[in-house]
Amino acid sequence: MKALAKRCCAALCSVSLLLLAACGKQTDLPGDAYVWQRVWTPPVSQALAESADVVRAWRVLVAEMNPDGRWFTAAPDLAALAAARRPVVMVFRLDGRADALPAADVLARIKAARPAWESAGIVLAGIEIDYDCATSKLPAYAAFLETLKHGLGPNLPLSITALPTWLGGSGLDALLRIPDEAVLQVHAVLSPEQGLFNAKRASAWLAAFADRTRRPWRVALATYGSRVSWNDDGSIAAVESERPALLPGGLASELVATPAAMAAFIDEIHRSRPRGLAGIVWFRLPTARDERAWSLATWRAVMTRQPLAPALSVTARAAGGSGAQDLILANSGNADAALPFVIRWEGACRAADGINGYTLEHDSGGAFLRRSQNGLLHAGGQRNIGWIRCENGPTSFHVQP
């Protein structure tokens, strides 16, 4: 009997250890996605349907307030949202330059929209406020959130987006005690040199934010690039995030969050997860018409932590009867690729030029195309990057990352 009791005790201990190990193992961080399109075209609804199986919740832009208090109201496809069968967070964006924050107006808009959303079969999971304000405005923002939180009641969670610049503000701690969760944005346009995303800088922001909040929080990661124009004094003149850049460069900077860089960062935060980090929110949902966002296939691969395998090549294609050939950069791999830095060729070629982000350069090795703007080439995509006129050939091309 004693031997049997010992065996039973040992078995129970083994089960307990297994359960403890399972409880201690961290699962992959769940992913939400911002649906930020003001106009819902068929590609938006299609992307929603094709990615619902890997998304925890949608965060949908509902309305945006300009600095002068005027509102723009988006028109989400409620049927498509309901069909995706995922919880939805309504997002209201307030321009960071606005000083007056109308809590009563926001509550009225929520109250007006909520019945139609719920009647369509949408599970409303909360409200999010996106207010990219200066640090000096945090106390006023906190007062606005207190009023809003009281008006929403206990059954509708409140979320906010948060900026890394707020980490130096004395009002941040009081602010973060109000909402149920916060989403820290670590992609930002700061300068051409710093780019859209820097993993070392983002890691420092995550660690600092984890020390400042006692509520669950998420991190927003980018799936896109932006064309940023700069003034002579270094200030930002314009940011374009949804239209393709066709100029050869020199007038602006193309800043890109590459899939490879983001996949590596996700691996890093899974290896050393900051305290309280509850998930990732992707900005923004890629669509087939969004030229600067990743392809949907690449986004899915990064979200599910699958290997990325882009495959770039260049071919020359006959262009009319002038003897010139178009240079076509293609990606036959399964993931979007950053545009290569240098493209060289072999053969006796007397003329060439670059377009769509490439310029012609010369060095001791001869002529070559150099990338003048960062960018991505979608999996399965092609881009005309220039033309060439050769005596015989060119015989081959060499793509250098």
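Our subject is the structure listed above.
Cut-off values and rules
- Residues numbered from 1 in each chain as written.
- Predicted model: local features only at pLDDT ≥ 70, side-chain atom pairs only at ≥ 80, totals over all residues.
- Heavy atoms only, no water.
- Helix = DSSP H or I, 4+ residues; strand = E, 2+ residues; numbered from the N terminus.
- Buried < 20%, exposed > 50% of the residue type's maximum accessible area, 1.4 Å probe, protein only.
- Contact = heavy atoms within 4.5 Å.
- Areas by Shrake-Rupley, 256 points an atom, 1.4 Å probe, with all protein chains shown as cover.
- Polar contact = N/O pair within 3.5 Å; in protein donor to acceptor, adjacent residues only side chain to side chain.
- Salt bridge = Lys/Arg side-chain N within 4 Å of Asp/Glu carboxyl O.
- Axes fitted to C-alpha atoms, helices over the stretch in contact; angles between N-to-C directions.
- Parallel < 35°, antiparallel > 145°, perpendicular 65-115°, else oblique.
- Left-handed = near helix turned anticlockwise from the far one by under 90°.
- Nonpolar A, V, L, I, M, F, W, Y, C, P; charged D, E, K, R; others polar.
- Pairing = 2+ DSSP bridges.
- Core = buried A, V, L, I, M, F, W, Y, C linked by side-chain atoms within 4.5 Å.
- Disulfide = S-S within 2.5 Å.
- Phe/Tyr/Trp six-rings, centres within 6.5 Å; stacked < 30°, edge-to-face > 60°.

**Focus: the overall build of the protein**
At step 1: When its secondary structure is counted, the protein shows nine helices and 22 strands.
At step 2: Expressed as a percentage of the 401 residues in the protein, the buried residues total 48%.
At step 3: For the protein, the share of sequence-separated contacts (at least 6 apart) that also reach a separation of at least 24 residues comes to 74%.
At step 4: Accessible surface for the protein amounts to roughly 19100 Å². Of this, 55% is attributable to carbon and sulfur atoms.

**Details of the side chain of Ser295**
At step 1: Here Ser295 shows up in the loop between strand E12 (277-283) and helix H9 (296-303).
At step 2: Among the residues examined, Ser295 registers a relative accessible area of 12% and is labelled buried.
At step 3: At 2.9 Å, the side chain of Ser295 and the side chain of Thr298 are in polar contact.
At step 4: Aside from chain neighbours lying at most four places away, what touches Ser295 is Pro286, Asp336, His378 and Ala379.

**Brief notes about the pattern of salt bridges**
At step 1: Applying the stated criterion across every chain, the model contains 22 salt bridges.
At step 2: With a closest N to O distance of 3.3 Å, Arg109 and Asp105 form a salt bridge. Taken as a pair, Arg109 and Asp105 lie in helix H4 (residues 103-119) at a separation of four residues, close to a single helical turn.
At step 3: The exposure class of Asp105 is partly exposed, given its relative accessible area of 28%.

**Quick look at the packing of H4 against helix H5 (residues 138-152)**
Axis angle and axis distance: for two packed helices, these are the angle between their axes and the distance between the axes, and together they describe the pair.
At step 1: Running from N to C, H4 and H5 point in directions that differ by 30°, and their axes come no closer than 9 Å. One element, H4, and the other, H5, form an angle in the roughly parallel class. The two elements H4 and H5 cross, and the hand of that crossing is right-handed. Touching Ala103, Val106, Leu107 and Ile110 of H4 are Phe144, Thr147, Leu148, Gly151 and Leu152, all from H5.
At step 2: Classifying every residue of the contact of H4 with H5 by side-chain character gives seven nonpolar, two polar and no charged.

**Some details on the sheet that holds strand E22 (residues 396-400)**
Sheets are built from strands that pair by backbone hydrogen bonding, the pairs being arranged parallel or antiparallel.
At step 1: Spatial ordering of the open sheet is given by E18-E19-E16-E22, a layout of four strands whose pairing is antiparallel. Bordering the open sheet on either side are strand E18 (358-363) and E22, each of which pairs with just one other strand. Here the average twist between neighbouring strands, direction ignored, is 30°.
At step 2: In the sheet, E18 pairs with strand E19 (residues 366-371) via six bridges, with the strands oriented antiparallel. Looking across to E19, one finds that Leu360 is bridged to Leu369.

**Side note on the sheet that holds strand E14 (residues 325-331)**
At step 1: Strand order across the open sheet formed by four strands is E13-E14-E21-E17, with antiparallel pairing between neighbours. Edge positions in the open sheet fall to strand E13 (312-318) and strand E17 (349-354), since each of these has one partner strand only. Here the strands of the sheet are splayed against their neighbours by 30° on average, with no regard to which way each runs.
At step 2: Looking at chain direction, E17 and strand E21 (residues 382-390) are connected through five bridges and run antiparallel. Within E21, the residue paired with Gly354 across the bridge is Gly386.

**Notes on the nonpolar core**
At step 1: In this structure, Trp58, Phe92, Ile129, Tyr141, Phe144, Leu221 and Trp282 are the most contacted members of the largest nonpolar core, which totals 97 residues.
At step 2: Examining the composition of this core, we find that seven residues originate from one element, H5, more than from any other.
At step 3: Sequence-distant contacts of Phe144, that is, excluding residues within four places in its chain, are made with Leu94, Leu101, Pro102, Ala103, Val106 and Ile129.
At step 4: Counting 14 residues, the second-largest nonpolar core is a separate cluster that includes Trp345, Leu377, Cys390 and Phe397.

**Quick notes on the state of the cysteines**
At step 1: Inspection of every chain in the model, using the stated rule, returns one disulfide.
At step 2: A disulfide bridge connects Cys349 with Cys390, and the sulfur atoms are separated by 2.0 Å. The disulfide joining Cys349 to Cys390 has a torsion of about 90° about its S-S bond and is therefore right-handed. Taken as a pair, Cys349 in strand E17 and Cys390 in strand E21 lie far apart in primary sequence, 41 residues in all.
At step 3: The exposure class of Cys349 is partly exposed, given its relative accessible area of 26%.

**Structural notes on the packing of helix H2 (residues 42-51) against H9**
At step 1: Where H2 meets H9, the axes come as close as 11 Å, and the angle between the chain directions of the two elements is 30°. Crossing hand, H2 versus H9: right-handed. Residues Ala47, Glu50 and Ser51 of H2 lie in contact with H9, whose contacting residues are Leu296, Trp299 and Arg300.
At step 2: Counted by class, the contact of H2 with H9 contains three nonpolar, one polar and two charged residues.

**Quick word on the environment of Pro401**
At step 1: Secondary-structure assignment places Pro401 in the segment after E22.
At step 2: Residue class for Pro401 comes out exposed when judged on its relative accessible area of 87%.
At step 3: It is 4.3 Å that separates the C-alpha atoms of Pro401 and Pro340, two residues lying 61 residues apart in sequence.
At step 4: Not counting residues within four places of it along the chain, the set of residues in contact with Pro401 comprises Pro340 and Phe341.

**Some details on the packing of aromatic side chains**
At step 1: A complete count under the given rule lists 10 aromatic pairs for this structure.
At step 2: For the ring pair Tyr141 and Trp166, a centre distance of 6.1 Å and an interplane angle of 65° mean the geometry is edge-to-face. One end of the pair, Tyr141, is in helix H5; the other, Trp166, is in the loop between strand E6 (158-162) and helix H6 (172-176), with 25 residues separating them in the sequence. Here Tyr141 and Trp166 have matching classes, each one buried.

Geometry only, nothing functional implied.
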